[in-house]
Amino acid sequence: FFFFYIFANLNHHDRTACTYPPPATTKQQTPKNNMSDDHEPRRRWNRRNSDGAAWGGENSTNNNNTDDHRTRSYYREPVQISAEFRERIAAAARASIVTLTTFSLLVFSGQEVLPVAWIGNVFAISVLKPTLGGTFLSARDVFVPMIPVALISWAVSAALSVSSTEVYRIVLPFVVALAAMVVFLCPWPHLTMKNLMLLIFYLVVSNPLSLKNVATEDVSSSIQDIGPFFVPALVGTICIGLLVSLLVHVVMMKFARSTTASRQVLILMRQVSHETNQLLLSLTRYMQSIGKDSDVARQARTLIDFHTRRRSRIIKRLVDYLPAMRTESKLGLSNEGIDIDAIEAFAACAKKQQKHAELVQAATTQTLLGEDYTSKNSHVREVKEIISENLGYVLERLALEYSKSETVFFFINASKEDKEQIIHDLQHSMDEYLQAMRQAIHDAEALLQNNDDASRSTAGPMIRVRVTFLALFSFIHELRDVVSATKATTDKSDKVAETPIARLLSCLKMKWLWKDISKRRLATKTAVGLSLASLWVSIPYLNGHLAYTQGVWVGVTVASISLETTGAAYTKALDRLWGTLIAAAYSLFVDKVFHVNAIAKLLTLTLITFISILVSNPNRPYASRYAATSVGSILYGSFDNKMLVDDYVPTRIMLIFVGVTIFLFVELLMFPRSSRTIVQAQTVQLFEDLEQFFYQSSKSCSAISSVSGKMRKLMITSLILCGCSGTVIRRSS
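Residues numbered from 1 in each chain as written. Predicted model: local features only at pLDDT ≥ 70, side-chain atom pairs only at ≥ 80, totals over all residues. Heavy atoms only, no water.

Each helix and strand in the chain was counted, giving 27 helices and zero strands. Of all 733 residues assigned to the chain, the portion counted as buried reaches 46%. For the chain, the accessible area works out to roughly 38100 Å², and carbon and sulfur atoms hold 61% of it. (Helix = DSSP H or I, 4+ residues; strand = E, 2+ residues; numbered from the N terminus. Buried < 20%, exposed > 50% of the residue type's maximum accessible area, 1.4 Å probe, protein only. Areas by Shrake-Rupley, 256 points an atom, 1.4 Å probe, with all protein chains shown as cover.)

Attention shifts here to the packing of helix α5 (residues 132-162) against helix α11 (residues 294-331). Close contact between α5 and α11 brings their axes to 7 Å; oriented N to C, the two are set at 85 degrees. With respect to their mutual orientation, α5 and α11 come out roughly perpendicular. Every residue of α11 that contacts α5 at Leu132, Gly133, Gly134, Phe136 and Leu137 is listed here: Pro323, Ala324, Thr327, Glu328 and Leu331. For the contact of α5 with α11, the residue count by class is six nonpolar, three polar and one charged. (Axes fitted to C-alpha atoms, helices over the stretch in contact; angles between N-to-C directions. Parallel < 35°, antiparallel > 145°, perpendicular 65-115°, else oblique. Contact = heavy atoms within 4.5 Å. Nonpolar A, V, L, I, M, F, W, Y, C, P; charged D, E, K, R; others polar.)

So, on to the nonpolar core. Val142, Ile238 and Trp553 are the most contacted members of the largest nonpolar core, which has 85 residues in total. In terms of residue count, the dominant contributor to this core is helix α7 (residues 194-210) (eleven residues). Those residues within four positions of Val142 in sequence are excluded, and the remaining contacts are Phe123, Val127, Met193, Leu196, Met197, Ile238 and Leu242. In this structure, Leu268, Ile290, Ala357 and Val465 belong to the second largest nonpolar core, which totals 60 residues. (Core = buried A, V, L, I, M, F, W, Y, C linked by side-chain atoms within 4.5 Å.)

Our focus in this paragraph is the pattern of salt bridges. Summed over all chains, the structure comprises 15 salt bridges. Arg310 is paired through a salt bridge with Glu275; the nearest N and O atoms lie 2.7 Å apart. Here the residue Arg310 occupies a position in helix α11, and Glu275 occupies one in helix α10 (residues 261-289), the gap between them amounting to 35 residues. When its relative accessible area of 1% is taken as the criterion, Glu275 is described as buried. Note that Arg326 is salt-bridged to Glu344, the shortest N-O span being 2.8 Å. Here the residue Arg326 occupies a position in helix α11, and Glu344 occupies one in helix α12 (residues 340-365), the gap between them amounting to 18 residues. Several salt bridges converge on common partners, so that one network encompasses Arg326, Asp341 and Glu344. (Salt bridge = Lys/Arg side-chain N within 4 Å of Asp/Glu carboxyl O.)

Within the element layout of this structure, Val113 appears in the loop between α3 (83-106) and α4 (117-127). A relative accessible area of 65% means that Val113 is categorised as exposed. Val113 sits 116 residues away from Phe229 along the chain, and the two C-alpha atoms are 9.3 Å apart.

Before going further, it helps to spend a moment on the packing of aromatic side chains. For the structure shown, the criterion picks out eight aromatic pairs. Relative to Phe475, the ring of Tyr402 lies with its centre 5.8 Å away and its plane at 45 degrees, an arrangement referred to as tilted. Of this pair, Tyr402 sits in helix α13 (residues 378-410) while Phe475 sits in helix α16 (residues 459-484); the two residues are 73 residues apart in sequence, bridging distant segments of the chain. Its relative accessible area of 0% is what places Tyr402 among the buried residues. Ring centres of Tyr433 and Phe469 lie 5.3 Å apart, and the angle between their planes is 35 degrees; this geometry places the pair in the tilted category. A residue pair is termed long-range when its members are at least 10 positions apart, and Tyr433 in helix α14 (residues 416-448) and Phe469 in helix α16 qualify at 36 residues. For the pair formed by Tyr433 and Phe469, the shared burial category is buried. (Phe/Tyr/Trp six-rings, centres within 6.5 Å; stacked < 30°, edge-to-face > 60°.)

Take a nonpolar patch on the surface next. Together, Leu532, Leu535, Ile539, Tyr541, Leu546, Met654, Phe665, Leu668, Leu669 and Met670 make up a nonpolar patch on the protein surface, roughly 850 Å² of accessible area in all. Of all elements in the fold, only α20 (540-546) and α25 (645-670) reach the threshold of two or more residues within the nonpolar patch. Of the residues forming the nonpolar patch, the biggest block, five residues, is contributed by α25. (Patch = residues over 30% accessible without salt bridge, like charges linked within 9 Å, V, L, I, M, F, W, Y side chains within 5 Å.)

With that out of the way, let us pick up the packing of α5 against helix α9 (residues 230-252). In the contact formed by α5 and α9, the axes pass within 10 Å of each other and the chain directions differ by 175 degrees. Between α5 and α9, the angle is such that the two are roughly antiparallel. Facing α5, whose interface residues are Leu132, Thr135, Phe136, Ala139, Val142, Phe143, Met146, Ile147, Ala150 and Trp154, α9 presents Val231, Pro232, Val235, Ile238, Cys239, Leu242, Ser245, Leu246, His249 and Val250. For the contact of α5 with α9, the class distribution of residues is 17 nonpolar, three polar and no charged.

Turning our attention to the confidence of the model for the chain. Of all residues in the chain, 75% attain a pLDDT of 70 or more, and the chain-wide mean is 77. Predicted confidence is poor over residues 1-8, with pLDDT under 50, and the contacts of this stretch with residues over four places away or in other chains come to 19 contacts. The low-confidence segment residues 10-77 (pLDDT under 50) makes 96 contacts with residues lying over four places distant or belonging to another chain. (pLDDT = per-residue confidence, 0-100.)

The next thing to look at is helix α6 (residues 165-185). In a regular helix each residue adds 1.5 Å, so 21 residues correspond to 30 Å; α6 covers 30 Å between its end C-alpha atoms and thus fits that length. Most pronounced at Val171, the bend in α6 amounts to some 40 degrees, and the proline Pro173 follows within four residues. Within α6, the full set of buried residues consists of Thr165, Tyr168, Leu172, Pro173, Val175, Val176, Ala177, Ala179, Ala180, Val183, Phe184 and Leu185. Considering only its buried residues, α6 is in contact with α5, α7, α18 (517-533) and α19 (535-538). (Expected span 1.5 Å × (residues − 1). Bend = angle between axes of the 7 residues up to and from the residue.)

This part covers the environment of Lys351. Structurally, Lys351 is set in helix α12. In this structure the C-alpha to C-alpha distance between Lys351 and Ser312, which are 39 residues apart in sequence, comes to 8.3 Å.

Further remarks concern the environment of Ser518. By the element assignment, Ser518 lies in helix α18. For Ser518, a relative accessible area of 17% translates into the label buried. A C-alpha to C-alpha distance of 6.8 Å links Ser518 and Glu564, two positions 46 residues apart in sequence. Engagement of the side chain of Ser518 in a polar contact is seen with the side chain of Glu564, the distance being 2.8 Å. (Polar contact = N/O pair within 3.5 Å; in protein donor to acceptor, adjacent residues only side chain to side chain.)

Spelled out as structure tokens, the structure:
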């Protein structure tokens, strides 16, 4: 699997080199001889009929010919693996390598100091991220709070172990409930993985009681004490898993296709630049073809929508990788010569530009109410032709200058003189575009003067063009602000480094999250559910007869699936059940087939990890991840507890089901939260905000002398409709 992972990465093409085929230009072609004049044209997709969209017009026959040629060319393209599937293969390979290495170190090395190897694998898979910096941040979020949580839970467990067994049974539910309240209400910034920290506390505190004084003598005689150094050994096992996750990424740094965040960020920056250039190119083709060529305008509008959406997804990934890249830079693991400040400035600029790009997308792809089509109204066609003649080629020059400016300032090391010249050229292109837009609007208004019918029919296109102009101008101006702004030089020597004691005091001064209603509800329901789950450890009958000394799994399930919202907790509970069933069936199969061969068990465990991560749902990955980690906990957990897999699997399924049932009982019956009430309240708030928005808009339009009376009436009508809709919603609520 290691060599398979290397092969997958070596064949992973950089998406910086990906190009999209340019939209096919429509040429006048003669129909084929074998097509009769009464040939029925192909049924066309009648979407977005405004701004040059001709439905069933004169170019339907030409489109049939070009579509046939385009369809035949598609069949000649080679089949390629998509980038998403390659990323899935890489993630599955990393997870399988982590599992193989973790169990090899903790099981097959022959050591007997670090117990419960499957816990190390669980934490290793949990912190494993696509990049080295992201994995380090996740490992830090686990390791830093784990030390104080382990020490506190060790002290509490030692104090309870000194007391009698009856006192231990009575006090345990209250102790775990208090721990749940403290963990979920603690404002410590490093305490981000609260479910895992609560899981560690519960394992340390409840394990001694689960192995002590069970109901039957036969069971108690076969159980050994966990020992005085169980907590350090548990922490050591988890640390081994964290180190293995980091080691996988460190090894990949020796290859050309490393998994560092700095490399991924540079690739994503080039992709954002590529999508931006394609967006401007599509917008240029749209401006040049409206009113003249309906087919090209429709194709350009589709490309504008595509590149805007794709650009948004890439920017989101870029922003997510920035903290990992900065962490790698602090550790000295990033590429030499990388300018983190420039990359963060590029990401911030791209995020601001995305808002303007989405406005361009809405203005060019959405049909306004009552808008006439180009093919039906000559006035609309004339107005669009005027706009196209004034803006088409000016916009092309502006897009070219933008591409040059972005390349000079973010992708190459240019001299100061070159940067100043680029700023001057970009500003000159923006001034030309501004002048061309004013001239286009002036010419269009001159054409529509003293013609009420033409004014009404062209109101939609005029609004559309104005919005597109303002959004595009703001889009370019965001880059202009970045490249022309002088960076303020701050003296870093004046900043006093904060000492650990000062950081500790600042954390102690933080206000707890009790006043937050959602956090308080989460802490309360988790405390109640965990206290009920601990009864399977405290009550001897449940622990000895039914749970067979494995009653901790009920509390572990409650601590794992407790989430803030009801829907998320319910989904995670079902995913845990599905993952348990899949892992149980696979574990029984492996145990029956490879009962003695330990190496075969390890290889099958690696295989199920690879398959589970490969086929996981990106929106709901918990089921696959839990199935991958549960196979190891069943195979090696039964060995640690001196039980057969055939006996351990039914007990494990039963306890997971009981834990899910307890938590859903607490979630749905003891602390019910109606989603319908929340949706209704948010809907009412939406209409109230819209009412206030239209009211302020009508005041602004009334203050502008250039706005016609018809536009004022439109704004007032919208205000009345919004107010009526809000009243209806309130009454229905």
